[in-house]
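Structural characterization, general
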Amino acid sequence: MTSTTRLTVAQALVRFLSVQYTERDGVRRRLIDATWGIFGHGNVAGLGQALIEYADEMPYHQGRNEQSMVHAAVGYARQSNRLSAHAVTTSIGPGATNLVTGAALATINHLPVLLLPGDTFATRVADPVLQQLEVPYAGDVSVNDCLRPVSKYFDRVTRPEALIPAALNAMRVLADPVETGAVTLALPQDVQAEAYDWPDEFFAERTWYVRRPAADPAELAEAARAVRAAKRPLIIAGGGVHHSRAETALAEFASVTGIPVASTQAGKGSLNHDHPQDVGGIGHTGTATADELARLADLVIGIGTRYTDFTTGSHTLFERPGVRFLNLNIGAYDGHKLAGQPLIADARAGLTALTRELGPDAYRVTESYIAEYREDKERWEQRVDACYEAEEPDVRPTQPQVLGALDEIVDASDILINAAGSLPGDLHKLWRTRSFDQYHLEYGYSCMGYEIPAAIGVKLAAPDRPVWALVGDGTYLMMPTEIVTAVQEGIAIKVLLIQNHGYASIGGLSESVGGERFGTAYRQRSPADGSYTGAPLPVDLAANAASLGMRVLRAKTVSDLREALAVARAADTPTCVYVETETADTVSGAPPAQAWWDVPVAATATRSSAVKARELYERHVSTRRRHL
């Protein structure tokens with residue numbers, strides 16, 4: 001007879017989660033390492049009570065905003081190489097719908113997070129309950145259904161026994177290197193508290209092996225033939241290189257073949273900045289070196305990349321007639337993009353096999369090609385030096401000079417986190433990565449507000465390393481509340497808060513597409529015409545951060561900034577460095593975009609700015625091609 005244990009559904013779930021593990025390359029880790037939660041009537045008596053019951057087995061973190069909790073969990077998962085993740089529990093209603101943005105971010109970036117929102121009564125005896133959205137045409141719909149399109153797996157546990165297959169499927173997807181992303185188990189509040197006799201086997205330790213699928217021999221042979229035939233190949237390293245921990249394999253492949261390596265935002269750091277084959281970022285926010293190589297490449301070798309519009313210059317970057325694509329990707333969907341020749345495999349396994357297939361002396365690009373891209377890279381590095389240099393250290397810095405000051409004090413142990421605004425472009429072009437996980441850019445969803453909570457998650461995963469959240473004023477105002485969590489938990493993140501009084505990135509984009517920077521500056525209304533062209537708002541973001549409990553260091557000049565950054569790096573408490581740069585209606589000082597990005601411009605307009613922008617837009621559109 002099968003032995004059983006009587007527990008509530010919530011207790012059973014927490015106990016189950018505490019004994020799930022992943023294993024890859026012989027390394028075993030907890031799959032769900034902790035749970036974040038904000039409690040309301042939809043989860044306080046269920047999961048809230050269960051987390052108290054099993055506090056020794058399941059660590060708990062208190063959040064301030066449900067979206068922020070997901071961002072923190074995502075930061076933790078990425079820093080943990082997707083081998084360990086966090087769960088997030090919320091009440092029903094706004095607590096649940098606040099998860100949607102974070103869930104979309106996790107799924108787009110292929111990063112695991114387990115979402116456990118409360119739900120309305122399965123029995124419907126109390127109907128409608130507080131915060132319930134009534135749907136007259138469907139009695140089984142709740143706001144949690146908003147999470148379906150942004151989840152890689154979704155289930156609503158309406159009976160206790162249904163938890164068993166739902167929980168097992170949830171773990172399967174979280175640990176799957178192809179399918180992973182946000183996983184949602186919606187938990188009706190009455191079912192959470194319902195008791196059931198659970199088979200003890202449900203609580204046995206389980207290990208979910210994270211696969212490294214090898215390449216098909218026929219695809220591998222075709223890939224090797226494509227490489228051997230190439231005269232001007234270019235590698236594009238995407239986020240899949242990091243997820244696979246394929247950096248060493250990539251470095252070996254690039255060194256043996258001499259093929260230059262450009263990187264997407266997610267793939268930057270796949271090679272250190274001083275590696276002989278590294279040519280920097282690719283695409284709209286990339287370097288002139290990488291983008292010129294892309295224009296002339298006859299074979300583009302994409303490794304773990306989704307080929308987003310920023311990477312491809314909205315399909316205008318790869319200009320050479322007859323250019324072909326070889327796509328090493330663990331997912332077949334991405335492996336077939338751009339009519340590419342697929343090599344469906346784990347990035348590390350595929351690179352190792354391709355290096356072996358080519359042989360040590362079978363293929364190498366010409367020395368003239370190597371000399372060409374190295375000379376171009378050196379010229380680009382001189383541009384970076386010029387952007388970083390501050391000839392007058394006692395004046396307000398530009399944004400690139402802020403990065404230059406940070407560059408002076410960090411080493412390979414530091415981790416930089418960013419997601420939105422003008423910083424991603426400057427970082428992709430200018431930042432010199434010193435380790436494979438130093439550069440943490442969330443650019444799949446480019447979600448404002450990600451940085452501070454993600455820094456908390458990263459710091460939990462890497463407690464002995466300096467972790468920096470690089471934040472503009474627009475992003476800071478979206479989601480500063482998790483500073484309170486960092487202070488409460490003593491999580492010594494460093495926030496570099498850059499104030500330029502507006503949406504600098506979108507302001508520049510607006511100007512380029514005929515939008516005249518409308519609605520992008522943080523200014524008071526002009527009494528003359530009611531436009532936002534008055535004085536900058538009298539907002540003190542440094543005081544705000546201090547009011548949330550953070551130590552704040554104000555820097556007015558480049559010299560001040562260097563001193564403040566050094567103090568912050570050495571700090572063992574949450575510390576913010578606040579600096580004002582140029583206003584949002586001036587340029588950042590970084591080199592302009594080296595490749596186009598398609599943002600459609602009004603086809604008809606009376607204002608001259610829009611008319612001129614449309615003329616330029618049509619010229620760019622005419623260069624777009626479909627790679628078939």
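This report concerns the structure included in the present document. Every chain is numbered independently, its residues counted from 1 as its sequence is written. Thresholds applied to this predicted model are a pLDDT of at least 70 for local features of residues and 80 or more for the giving and counting of side-chain atom pairs; totals over whole chains, interfaces and linings are not thresholded and use all residues. Processing note: side-chain calculations cover all non-hydrogen atoms of the structure and skip hydrogens and water entirely.

Buriedness of a pocket was judged along seven lines, with at least five required to meet protein on both sides within 12 Å; pockets are open sets of points on a 1 Å grid over the protein atoms alone, cavities are sets where a 1.4 Å probe fits but cannot get out, and lining residues have an atom within 4 Å of a point. Grid points are joined across faces, edges and corners, and a volume is the space filled by probe spheres set on the points. By the definition in use, this model includes five cavities of 30 Å³ or more. In this model, the largest cavity occupies a volume close to 130 Å³. Breaking the lining of the largest cavity down by element, the ones donating at least two residues are strand S14 (278–281), helix H15 (367–388) and helix H17 (423–430). Numbered from the N terminus, helices here are DSSP runs of H or I no shorter than four residues, and strands are runs of E no shorter than two. No other element matches H15, which puts four residues into the lining of the largest cavity. The volume enclosed by the second largest cavity comes to roughly 60 Å³. Ile92, Gly93, Ala96, Gly118, Asp119, Thr120, Gln131, Gln132, Leu133, Ser142, Val143 and Asn144 together form the lining of the second largest cavity. Just so you know the grouping, Ala, Val, Leu, Ile, Met, Phe, Trp, Tyr, Cys and Pro go in nonpolar, Asp, Glu, Lys and Arg go in charged, and all remaining residues, Gly too, go in polar. Considered class by class, the residues forming the lining of the second largest cavity number four nonpolar, seven polar and one charged.

Spatially, S3-S2-S11 is the arrangement adopted by the three strands of the open sheet, whose pairing is mixed. If you trace the sheet from one side to the other, it starts and ends with strand S3 (27–30) and strand S11 (206–209), each paired once. For this sheet the average axis-to-axis angle between neighbouring strands, irrespective of direction, equals 30°. For two strands to pair, DSSP has to find at least two bridges joining them. Sheet topology places strand S2 (residues 20–24) next to S11; four bridges connect them, and they run parallel. From the neighbouring strand, Gln20 faces S11, where its bridge partner is Arg206. Fitting a line to C-alpha atoms yields each axis, with helices limited to the stretch in contact; the angle taken between N-to-C directions then spans 0 to 180 degrees.

By definition, a salt bridge exists where a carboxyl oxygen of Asp or Glu is found within 4 Å of a side-chain nitrogen of Lys or Arg. For the structure shown, the criterion picks out 34 salt bridges. Note that Lys152 is salt-bridged to Glu179, the shortest N-O span being 3.6 Å. A residue pair is termed long-range when its members are at least 10 positions apart, and Lys152 in the loop between strand S7 (113–119) and strand S8 (153–156) and Glu179 in the loop between helix H6 (163–174) and strand S9 (182–188) qualify at 27 residues. For the salt bridge of Arg465 with Asp437, the shortest nitrogen-to-oxygen distance reads 2.7 Å. One end of the pair, Arg465, is in the loop between helix H18 (451–461) and strand S20 (467–472); the other, Asp437, is in the loop between H17 and strand S19 (439–441), with 28 residues separating them in the sequence. A relative accessible area of 17% means that Asp437 is categorised as buried. Only protein chains enter the accessibility calculation, which uses a 1.4 Å probe. A residue is then buried if its area is under 20% of the maximum for its type, exposed if over 50%, and partly exposed in between.

What follows covers the packing of helix H10 (residues 247–257) against helix H14 (residues 347–358). Two numbers describe how H10 lies on H14: the axes approach to 9 Å, and their chain directions differ by 25°. When the axes of H10 and H14 are compared, the pair comes out roughly parallel. Here H10 and H14 pass one another in a crossing that is left-handed. Across the interface between the two elements, Ala249, Leu250, Glu252, Phe253 and Thr257 of H10 pack against Arg348, Leu351, Thr352, Leu354, Thr355 and Leu358 of H14. Working rule for angles: under 35 degrees goes down as roughly parallel, over 145 as roughly antiparallel, 65 to 115 as roughly perpendicular, anything else as oblique. Put simply, a crossing is left-handed when the front helix is turned counterclockwise from the back one by less than a right angle, and right-handed when it is turned clockwise. Throughout, a contact is declared for two residues whenever any of their heavy atoms are within 4.5 Å.

The next thing to look at is a nonpolar patch on the surface. Taken together, the side chains of Phe39, Val44 and Tyr60 present a nonpolar region at the surface, about 240 Å² in accessible area. Mapped onto the fold, Tyr60 is located in strand S5 (residues 60–62). Judged by relative accessible area, which is 31%, Tyr60 ranks as partly exposed. Here the term patch refers to residues with relative accessible area over 30% and no salt bridge, with like charges joined within 9 Å and nonpolar side chains (Val, Leu, Ile, Met, Phe, Trp, Tyr) within 5 Å. Only the protein chains shown count as covering a residue, and every accessible area follows the Shrake-Rupley method with a 1.4 Å probe.

Side-chain rings of Phe, Tyr and Trp (the six-membered ring for Trp) are treated as a pair once their centres are within 6.5 Å; stacked means planes under 30 degrees apart, edge-to-face means over 60, and tilted covers the remaining angles. On inspection of all chains with the given rule, the structure shows twelve aromatic pairs. Relative to Phe202, the ring of Phe16 has its centre 4.5 Å away and its plane inclined at 10°; by these criteria the two rings are stacked. Linking Phe16 in helix H1 (residues 9–17) with Phe202 in the loop between strand S10 (195–199) and S11, this pair joins segments that are 186 residues apart in sequence. The residues Phe16 and Phe202 share a single accessibility class, namely buried. Consider the rings of Phe318 and Phe325, whose centres lie 5.3 Å apart with planes at 80°: the pair is edge-to-face. For the pair Phe318 and Phe325, one class covers both residues: buried. One residue, Arg15, lies across the ring of Phe203, its end atom 4.4 Å from the ring centre. Directly above the ring of Tyr21 sits Arg28, whose terminal nitrogen or CZ lies 3.8 Å from the centroid. In this analysis the charged atom, NZ for Lys or CZ for Arg, is taken to sit over a ring once it is within 6 Å of the ring centre and within 35 degrees of the ring normal.

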